[in-house]
Amino acid sequence: MALTLYTTPACTQCALTRRVLDRAGTPYTTVDLSVDLDALRLVTRTLGYRSAPVVYAVYPNGQVKHWSGFQPAKLEAYVTAMGGAAA
């Protein structure tokens, strides 16, 4: 998958992010940070984030971007870059 969504249980911003991606028909992989310690280390130590969701996106041109929180404009830009229509 070109997009990985790191989430935690009962995370409202995570649910909103999933909803945008689902409505756009954009494929993604979800990783639950509460059960995957290696992913938690990646997100906190390597990427430097302290809150979920964390979106890790690889664009068609190979560019990698990542961000934390529900950010509709960034999601829309990703969906558009992937050839879809943002929801």
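To be clear, the structure that these remarks concern was listed above.
What you are looking at is a predicted structure, and each value in this text was computed from that prediction instead of being measured.

Caption draft 1: Region of the structure containing the overall build of the protein. Regarding its fold elements, the protein presents three helices and four strands. Counting from the amino terminus, the protein carries its helices and strands in the arrangement β-α-β-α-β-β-α. Its C-alpha atoms give the protein a radius of gyration of 12 Å, near enough to 12 Å, the size a compact globule of 87 residues would have. In terms of its C-alpha atoms, the protein occupies a principal-axis envelope of roughly 35 × 30 × 20 Å. Taking all 87 residues of the protein together, 37% fall into the buried category.

Caption draft 2: Just the sheet that holds strand S2 (residues 29-32), in detail. Pairing is mixed in the open sheet, where four strands are placed in the order S2-S1-S3-S4. Here the strands that pair on one side only, and so sit at the sheet edges, are S2 and strand S4 (64-68). Adjacent strand axes in the sheet meet at a mean angle of 15°, parallel and antiparallel pairs treated alike.

Caption draft 3: Structural view of the pairing of strand S1 (residues 3-7). Most of S1 sits inside the fold, with five of its five residues counted as buried. Across four bridges, S1 lies against strand S3 (residues 54-58) in antiparallel orientation. Among the inter-strand pairings, threonine 4 is bridged to a residue of S3, identified as tyrosine 56. Where S1 and S2 come together, four bridges link them in parallel fashion. If you follow tyrosine 6 over to S2, its bridge partner there is valine 31. Regarding topology, helix H1 (residues 12-24) serves as the crossover connection from S1 to the parallel S2, and that connection is right-handed.

Caption draft 4: Quick look at helix H2 (residues 37-46). The set of residues buried in H2 consists of Ala39, Val43 and Thr44. For H2, the angular spread of the buried residues around the axis is 115°, confining them to a single face. In H2, the exposed residues that point more than 90 degrees away from the buried face are Asp38, Arg45 and Thr46. Summarising the contacts, the buried residues of H2 are in contact with S1, S2 and S3. Put simply, aspartate 36 is the residue that caps the front of H2, since its side-chain oxygen is 3.2 Å from the backbone nitrogen of aspartate 38.

Caption draft 5: Here's a closer look at the packing of aromatic side chains. Considering all chains together, one arrives at one aromatic pair under this definition. When the centroid spacing of 5.2 Å and the interplanar angle of 80° are considered together, the rings of tyrosine 59 and tyrosine 78 count as edge-to-face. A residue pair is termed long-range when its members are at least 10 positions apart, and tyrosine 59 in the loop between S3 and S4 and tyrosine 78 in helix H3 (residues 72-81) qualify at 19 residues. Of the two residues, tyrosine 59 and tyrosine 78, both sit in the buried class.

About the thresholds
- Residues numbered from 1 in each chain as written.
- Predicted model: local features only at pLDDT ≥ 70, side-chain atom pairs only at ≥ 80, totals over all residues.
- Heavy atoms only, no water.
- Helix = DSSP H or I, 4+ residues; strand = E, 2+ residues; numbered from the N terminus.
- Rg over C-alpha atoms; globule rule 2.2 N^0.38 Å.
- Buried < 20%, exposed > 50% of the residue type's maximum accessible area, 1.4 Å probe, protein only.
- Pairing = 2+ DSSP bridges.
- Axes fitted to C-alpha atoms, helices over the stretch in contact; angles between N-to-C directions.
- Right-handed = clockwise from strand over helix to strand, strands pointing away.
- Arc of directions from axis to C-beta.
- Contact = heavy atoms within 4.5 Å.
- Polar contact = N/O pair within 3.5 Å; in protein donor to acceptor, adjacent residues only side chain to side chain.
- Phe/Tyr/Trp six-rings, centres within 6.5 Å; stacked < 30°, edge-to-face > 60°.

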